[in-house]
Amino acid sequence: MLFNSFEFIFVFLPITFFVYFYLNHKRLTEVAKGFLVFASLFFYSWWNIVYLPLILLSILFNYVIGRQLANHDKNERKYSKKALLSIGVFFNLSLLGYFKYSDFFIRNFNMVFDSNVPLLHLALPLAISFYTFQQIAYLVDSYRSETKEYDFLNYTVFVAFFPQLIAGPIVHHAEMMPQFANIRNKVKNYYNIALGLFIFSIGLFKKIVIADTFATWATNGFDKAEVLNLIEAWFTSLSYTLQLYFDFSGYTDMAIGIALLFNIKLPINFNSPYKATSIQDFWRRWHMTLSRFLKDYLYIPLGGNRKSEVRTYANLFITFLLGGIWHGAGWTFVFWGALHGLALVIHRFWKRMGFRMHALLGWFITFNFVNVSWVFFRAKEWDDAIKVLKGMIAIDQIYFPVALSGKLHFLEKYGIGFSHFWTSHISANFVSFIWLFTGLILVFFFKNSIEMAKNFKLSYRTALFSAIAYIVSILSLNKVSEFLYFNF
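The protein chain has the name MBOAT family protein in an unreviewed UniProt entry, where Sulfurovum xiamenensis is given as its organism. UniProt, in the comment section headed Sequence similarities (unreviewed entry), describes the protein chain in these words: "Belongs to the membrane-bound acyltransferase family." What UniProt states about the protein chain under its Subcellular location (unreviewed entry) heading is, verbatim, "Cell membrane".

If you want it as structure tokens, here you go:
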């Protein structure tokens, strides 16, 4: 079930909200918690119930392993605690690897050995990338004796809580369980409800009105056009850069807003990443809970920066290379991860040498690097990426609309042409450029939703703002759209 669907907004969410708080009002707190689990699993199964046994198996297995890890020391087990953790991590990675990467490895095996092993054509279970990482973090925390809550129902709520189940944010056991246990969170909090609806409305608007609009031009440029001139190529790449941001941050806003209705605070996942002045700054602002996971459960266990300088560079590169693979089973994702790993290595070396750069130049380089690297992230095939990048440097393929030829004809001596079809390959027009300009202004100069929420006060102004965003979004709910990160 999608957040941006009629059945979720007008049926599932209201019923779940009122039944949950009614049961709590009757002091049936455990029943209310059980109902929340049932509702979350129903939400998960709506798309395809085939995935339900898999997530239940994953939850049960990790709960048992986590409990054994937590009780290992006091029960004086004969088996090694580290071996038990290894079994748990291996199980999770095997599950993810089997469903997500089997065909990728078979294709490459066939290519290298000129064989013909048939593909498995497995359907990717919904949210498996997210709940796998979340539960690996839980096992590691249990190994470190950092978890204190071991009730199975509570653990199931922690994994399956529907606002964050499908695409994050990736949450920690320790930051969620005290909130579910807090008795004050069992009663309706009208400030949280107002704030939650405010953030949800912003997220819905970002997804439906903005991201889905840019999706049209990005799809035309990447998937449909055979060639792109310079303006079309830049328009295509920037459209996807904006689509991805408004899509994913819009989803996160909705998740944070919905969770607040239930008095649960999810961690911040975006902090205006396109304002970043370095690649390190970018990863502190983009998909922040994934960055936290990669740092705590991959970079630091690899040795972090505690070893030699060369080892630190290697750890950085490996962390982001694996981060790229986590996003998708394809060489373009691997290359995208490698690009970011390499950029972070260069950034660290630059800082170590004591070099400095003006913040504005740092922002310019960072944004353009991120924009170009997203081309590999989005392209379905290498040829698509090369097509877009080739267009972005095609300085002999610059065309302006014929309507401007009278005033700008002097540009012809510099090789700039005029055409009625200057953006025909991506079906863009003057209004499209207004959208692009507005989108860039919003991400560069305006406060993000979390910054707006910090100063939130329930007033006619905020109510009107939320109502307009909500109504415009609802009126736009007439087309098929999915969240980009659902496939990751």
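Past the structure itself, the notes keep going.
**Quick word on the overall build of the protein chain**
Along the protein chain, the regular secondary structure elements total 21 helices and two strands. For 488 residues, the compact-globule estimate of 2.2 N^0.38 gives 23 Å, and the C-alpha radius of gyration of the protein chain, at 24 Å, lies within 12% of that figure. Reported as C-alpha extents along the three principal axes, the dimensions of the protein chain are approximately 80 × 60 × 50 Å. Evaluated residue by residue, the protein chain yields a buried proportion of 55% over its 488 residues. Taking the contacts inside the protein chain whose residues are at least 6 apart along the sequence as the reference set, 74% of them involve residues at least 24 apart. Here the protein chain displays about 23,600 Å² of accessible surface, and carbon together with sulfur accounts for 66% of that area. Across the protein chain, 43 positive and 27 negative side-chain charges occur, with their mean positions spaced 10 Å apart.

**Some thoughts on the environment of Asp253**
Within the secondary structure, Asp253 is located in helix H11 (residues 230-261). The spatial distance from the C-alpha of Asp253 to the C-alpha of Asn92 is 28 Å, given a sequence separation of 161 residues. Beyond its immediate sequence surroundings of up to four residues, Asp253 is in contact with Ile199, Phe200, Ile202, Gly203, Lys206 and Ser449.

**Considerations on a positive patch on the surface**
Where like charges cluster on the molecular surface, the positive patch consists of Arg284, Lys295, Lys351 and Arg356. By secondary structure assignment, the location of Arg356 is in the loop between helix H15 (331-352) and helix H16 (359-378).

**Overview of the packing of aromatic side chains**
Evaluation of the coordinates by the stated rule reveals 71 aromatic pairs. With 5.2 Å between their ring centres and 65 degrees between their planes, Tyr245 and Phe246 make a pair best called edge-to-face. As far as the burial class goes, Tyr245 and Phe246 line up, both buried. Above the ring of Tyr143, the side-chain terminus of Lys81 is found at 5.4 Å from the ring centroid. Here the guanidinium or amino end of Lys100 rests over the ring plane of Trp326, the centre of that ring lying 5.5 Å away.

**Remarks on unusual backbone geometry**
One non-glycine residue with positive phi stands out, namely Ala127, at about 70 degrees. Residue position: Ala127 is located in the loop between helix H5 (81-113) and helix H6 (128-143). The class of Ala127 is buried, set by a relative accessible area of 5%. Although it is not a glycine, Ser272 adopts a positive phi angle of roughly 50 degrees.

**Notes on a nonpolar patch on the surface**
A cluster of nonpolar residues, Phe349, Trp350, Met353, Phe355, Met357, Leu361, Phe364 and Ile365, forms a patch on the protein surface that exposes about 760 Å² of accessible area. Of all the elements in the fold, those that place two or more residues in the nonpolar patch are H15 and H16. Looking at which element gives the most residues to the nonpolar patch, the answer is H16, with three residues. Looking at the secondary structure, you find Met353 in the loop between H15 and H16. For Met353, a relative accessible area of 42% gives the class partly exposed.

**Considerations on H5**
Relative to the 48 Å expected for 33 residues at 1.5 Å per residue, H5 spans just 40 Å between its end C-alpha atoms, considerably shorter than the ideal helical length. At Tyr101, H5 shows its maximal kink, close to 65 degrees. With a side-chain oxygen positioned 3.2 Å from the backbone nitrogen of Lys82, the residue opening H5 is Ser80. Asp114, located one to two residues past H5, shows a positive phi value of around 50 degrees.

**As for the nonpolar core**
If you look at the biggest cluster of nonpolar residues, it comprises 90 residues, and the most contacted ones within it are Phe8, Tyr44, Phe162 and Phe262. Considering every element that reaches this core, the biggest residue donor is helix H10 (residues 190-224), with 10 residues. In this view, Phe8 contacts Met1, Leu2, Phe3, Leu13, Pro14, Phe43, Phe162, Phe200 and Ile258; residues no more than four positions away in its chain are not counted. Listed in part, the 49 residues of the second largest apolar core include Tyr245, Phe246, Tyr274 and Val345.

**Overview of the pattern of salt bridges**
Evaluation of the coordinates by the stated rule reveals 10 salt bridges. Between Arg378 and Asp223 there is a salt bridge; the shortest N-O distance is 2.8 Å. Here Arg378 is found in helix H16, whereas its partner Asp223 is found in helix H10, with 155 residues between them in sequence. A relative accessible area of 31% places Asp223 in the partly exposed class. Note that Asp223 is salt-bridged to Lys380, the shortest N-O span being 3.6 Å. With a gap of 157 residues between them, Asp223 in helix H10 and Lys380 in the loop between H16 and helix H17 (382-392) connect regions that are remote in the sequence.

**Brief notes about the packing of H5 against helix H14 (residues 309-327)**
As a packed pair, H5 and H14 sit with axes 10 Å apart at the nearest point and diverge in direction by 70 degrees. Between H5 and H14, the interaxial angle falls into the category roughly perpendicular. Along its contact with H5, which presents Leu96, Lys100 and Tyr101, the element H14 presents Ile325, Trp326 and His327. Here the residues of the contact of H5 with H14 sort into four nonpolar, one polar and one charged.

**Here's the deal with the packing of helix H7 (residues 152-160) against helix H9 (residues 173-181)**
Following both chains from N to C, one finds H7 and H9 inclined at 120 degrees, their axes separated by 10 Å at the closest point. Here the hand of the crossing between H7 and H9 comes out right-handed. Contacts from Asn154, Tyr155, Val157 and Phe158 in H7 reach His173, Met176, Met177 and Phe180 in H9. For the contact of H7 with H9, the residue count by class is six nonpolar, two polar and no charged.

**Notes on helix H1 (residues 6-25)**
Taking 1.5 Å of rise per residue, 20 residues should cover 28 Å, and H1 covers 28 Å from first to last C-alpha, within 8% of that figure. Turning to H1, the residues buried within the fold contact helix H2 (29-45), helix H8 (162-165), H10, H11 and helix H21 (460-475). Of the residues flanking the end of H1, it is Arg27, one or two places downstream, whose phi is positive at about 65 degrees.

Rules used in this analysis
Residues numbered from 1 in each chain as written. Predicted model: local features only at pLDDT ≥ 70, side-chain atom pairs only at ≥ 80, totals over all residues. Heavy atoms only, no water. UniProt positions renumbered as here; feature names shortened; annotations may be inferred. Helix = DSSP H or I, 4+ residues; strand = E, 2+ residues; numbered from the N terminus. Rg over C-alpha atoms; globule rule 2.2 N^0.38 Å. Buried < 20%, exposed > 50% of the residue type's maximum accessible area, 1.4 Å probe, protein only. Contact = heavy atoms within 4.5 Å. Areas by Shrake-Rupley, 256 points an atom, 1.4 Å probe, with all protein chains shown as cover. Lys, Arg positive; Asp, Glu negative; His and termini not counted. Charge placed at Lys NZ, Arg CZ, Asp CG, Glu CD. Patch = residues over 30% accessible without salt bridge, like charges linked within 9 Å, V, L, I, M, F, W, Y side chains within 5 Å. Salt bridge = Lys/Arg side-chain N within 4 Å of Asp/Glu carboxyl O. Phe/Tyr/Trp six-rings, centres within 6.5 Å; stacked < 30°, edge-to-face > 60°. Lys NZ or Arg CZ within 6 Å of the ring centre and 35° of its normal. Expected span 1.5 Å × (residues − 1). Bend = angle between axes of the 7 residues up to and from the residue. Polar contact = N/O pair within 3.5 Å; in protein donor to acceptor, adjacent residues only side chain to side chain. Core = buried A, V, L, I, M, F, W, Y, C linked by side-chain atoms within 4.5 Å. Axes fitted to C-alpha atoms, helices over the stretch in contact; angles between N-to-C directions. Parallel < 35°, antiparallel > 145°, perpendicular 65-115°, else oblique. Nonpolar A, V, L, I, M, F, W, Y, C, P; charged D, E, K, R; others polar. Left-handed = near helix turned anticlockwise from the far one by under 90°.

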